[in-house]
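Here are the chains, one letter per residue:
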Amino acid sequence: MLIYLSFCFSSKAMESHIYVGQPFRCPMTDIPPSHPRRASLLARERLVEGVRAGIVSEAGLIAHGRGEAFDYLLGERTTDEAVAACRAAAALLLLARRPVMSVNGNVAALAAEQAVALAETVTGARASRGAAEGAMPLEVNLFHRTEERVRRVADRLRAAGARDVLGEAPDARVPGLDHARALCSSQGVGGADVVLVPLEDGDRAEALRRWGRTVVAVDLNPMSRTSRAAHVTVVDELTRALPVLARETSALAGAPGGGLRAISEGFDNAACLRAVLGRMVARVPEVDLGPPC
Ligand code: PTJ
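The structure reproduced in this document is the subject of the present report. (Residues numbered from 1 in each chain as written. Predicted model: local features only at pLDDT ≥ 70, side-chain atom pairs only at ≥ 80, totals over all residues.)

### Some points on the overall build of the chain
In step 1: The helix and strand tally for the chain stands at 11 helices and 8 strands.
In step 2: The C-alpha radius of gyration of the chain comes to 21 Å, within 12% of the 19 Å expected for a compact globule of 293 residues.
In step 3: With respect to the principal axes defined by its C-alpha atoms, the chain has extents near 85 × 55 × 35 Å.
In step 4: Expressed as a percentage of the 293 residues in the chain, the buried residues total 43%.
In step 5: In the chain, the share of contacts with a sequence separation of at least 24, taken over all contacts with a separation of at least 6, comes to 66%. (Helix = DSSP H or I, 4+ residues; strand = E, 2+ residues; numbered from the N terminus. Rg over C-alpha atoms; globule rule 2.2 N^0.38 Å. Buried ≥ 20, exposed ≤ 12 C-beta atoms within 10 Å, placed from the backbone. Contact = placed C-beta atoms within 7 Å.)

Pasting the structure below:
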């Protein structure tokens, strides 16, 4: 009897933690400041928290792991190629008739504040140039779309200070894509000419390009379909890349249109991807495989 009661109690306890009501929660792992991989571990924690908060899709954790592997090969630093790509991207955002930045679950969890800061910088720089439609809005565009997650991502952006967040009331579709992942806003991706897509799925990046959008991607994998489909790909980790893109936008804010066109037209995406991949490959034989300490 005692054994039976204790079984009932423990299985109920497990139920209440794991299967019933609130999703299972545990406190964020305490990562000591001295840990040599602290930044990387904190990024993982943000994503795990993002899953628990309904912002990040479960597939987003896998996508992040793939990105980490490429970042390792890159040496976890911003390369000259990434800076050049940010410069070309900044020129495109300044020249655009209507730019927009697409935000998914991973971007919101890792870099909501940086995305908002970039949108403010681009909007301010375009206003200073007298652009007719100056603002660069943020649009929630999810690949694994649920309306609940769209709302949570939008809330996360608003909490980070975003004024205008699109995507909660889609009224357009990206042609050539089936299901809800095609949904977009005519005020954003639907009516934009330049679309910034950090961590985009390759299928949708290709569909955006076919739709006539100029695509700017941020993607750590230089071989991905997104990286190859984009007109400009910044091969760098998102949280390092967004501030560099903001910095380059500010630096080019006063440049004449002809100068900006020369920068964007002079950028060769395939050559840039080849150079970054070359860096990764060249780094491999040089990696120190002795004990880390
Ligand atoms: O929130 P959702 O539903 O829109 O889904 C978002 C993900 C990212 C899951 C979805 O777009 C997806 O499945 O993307 P992919 O096809 O896995 O592509 C993501 C790309 O981003 C991969 O090439 C990764 O290497 C790269 N990546 C992952 N983390 C980072 C990254 N690039 C830059 N910075 C990162 N932190």
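Next comes the rest of the write-up.
### What to know about unusual backbone geometry
In step 1: The residue H179 is not glycine, and still its phi comes out positive at about 65°.
In step 2: The residue H179 is located in the loop between β4 (172–173) and β5 (183–184) in this model.
In step 3: Under the C-beta neighbour-count criterion, H179 is labelled exposed, with 9 such atoms within 10 Å.
In step 4: Within the chain, L199 stands out as a residue other than glycine whose phi angle is a positive 55°.
In step 5: Position of L199 among the secondary structure elements: in the loop between β6 (194–198) and α7 (202–210).

### Quick look at the sheet that holds β6
In step 1: Strand order in the open sheet made by the 6 strands is β3-β2-β1-β6-β7-β8, with parallel pairing throughout. Each of the sheet's edge strands pairs with one partner strand only, and the pair in question is β3 (165–166) and β8 (232–234).
In step 2: Where strand β2 (residues 138–140) meets β3, 2 bridges bridge the pair, whose relative direction is parallel. Opposite E139, over in β3, you have L166 as the bridge partner.
In step 3: Taken strand by strand, helix α5 (residues 105–128) contacts β1 (99–103), β2 and β6, and its axis lies near 170° from that of β1.
In step 4: Contacts from α7 reach β6 and β7 (214–218) within the one sheet, and its direction differs from that of β7 by about 155°. (Pairing = 2+ DSSP bridges. Axes fitted to C-alpha atoms, helices over the stretch in contact; angles between N-to-C directions.)

### Some remarks on helix α9 (residues 238–252)
In step 1: With 15 residues, α9 should cover 21 Å at 1.5 Å per step; its first-to-last C-alpha distance of 21 Å lies within 8% of that length.
In step 2: Of the residues making up α9, those classed as buried are L238, A241, L242, V244, L245, A246, E248 and T249.
In step 3: Tucked into the core, α9 has its buried residues touching α4 (80–95), α5, β6, β7 and β8. (Expected span 1.5 Å × (residues − 1).)

### Side note on the site of the ligand
In step 1: The immediate surroundings of the ligand are formed by 26 residues, with A63, G67, N104, G105 and H144 found nearest.
In step 2: The element best represented in the shell around the ligand is helix α3 (residues 58–74), accounting for 7 residues.
In step 3: Looking at the shell around the ligand residue by residue, the class counts come to 10 nonpolar, 11 polar and 5 charged. (Near = placed C-beta within 6 Å. Nonpolar A, V, L, I, M, F, W, Y, C, P; charged D, E, K, R; others polar.)

### Things to note about the packing of helix α2 (residues 38–52) against α5
In step 1: Where α2 contacts α5, the axes come no closer than 9 Å and their chain directions differ by 130°. Considered as vectors, α2 and α5 are oriented oblique to each other. You can see that α2 and α5 cross each other, and the crossing is right-handed. For the pair formed by α2 and α5, the contact residues are A43, R46, L47 and G50 on the first element and G105, N106, A109 and L110 on the second. (Parallel < 35°, antiparallel > 145°, perpendicular 65-115°, else oblique. Left-handed = near helix turned anticlockwise from the far one by under 90°.)

### A closer look at the pairing of β6
In step 1: Extensive coverage of β6 is indicated by the burial of 5 of its 5 residues.
In step 2: Going residue by residue along β6, you find V194, L196 and P198 tucked away on one face and V195 and V197 tucked away on the opposite face as well.
In step 3: The pairing of β1 with β6 spans 3 bridges and is classified as parallel. Following the sheet pairing, P99 is matched in β6 by V194.

### A look at the pairing of β7
For a regular strand, side chains alternate in direction, first toward one face of the sheet and then toward the other.
In step 1: Most of β7 sits inside the fold, with 5 of its 5 residues counted as buried.
In step 2: Of the two faces of β7, the one lined by T214, V216 and V218 and the one lined by V215 and A217 are each fully buried.
In step 3: Where β6 and β7 come together, 5 bridges link them in parallel fashion. For P198, the partnering residue across the bridge sits in β7 and is V218.
In step 4: Once the chain exits β6 it traverses α7 before rejoining the sheet at β7, and the crossover so formed is right-handed. (Right-handed = clockwise from strand over helix to strand, strands pointing away.)

### A short note on helix α6 (residues 147–159)
In step 1: The terminal C-alpha atoms of α6 lie 18 Å apart, and with 13 residues this matches the ideal 18 Å at 1.5 Å per residue to within 8%.
In step 2: The complete set of buried residues in α6 reads R149, V150, V153, A154, R156 and L157. Down the axis, α6 shows its buried residues gathered within 155° of arc, on one side only. Of the residues in α6, the exposed ones pointing more than 90 degrees away from the buried face are E147, E148 and A159.
In step 3: Looking at the packing, one finds that the buried side of α6 touches β1, α5, β2 and β3.
In step 4: Count one or two residues on from α6 and you reach G161, which has phi positive near 110°. (Arc of directions from axis to C-beta.)

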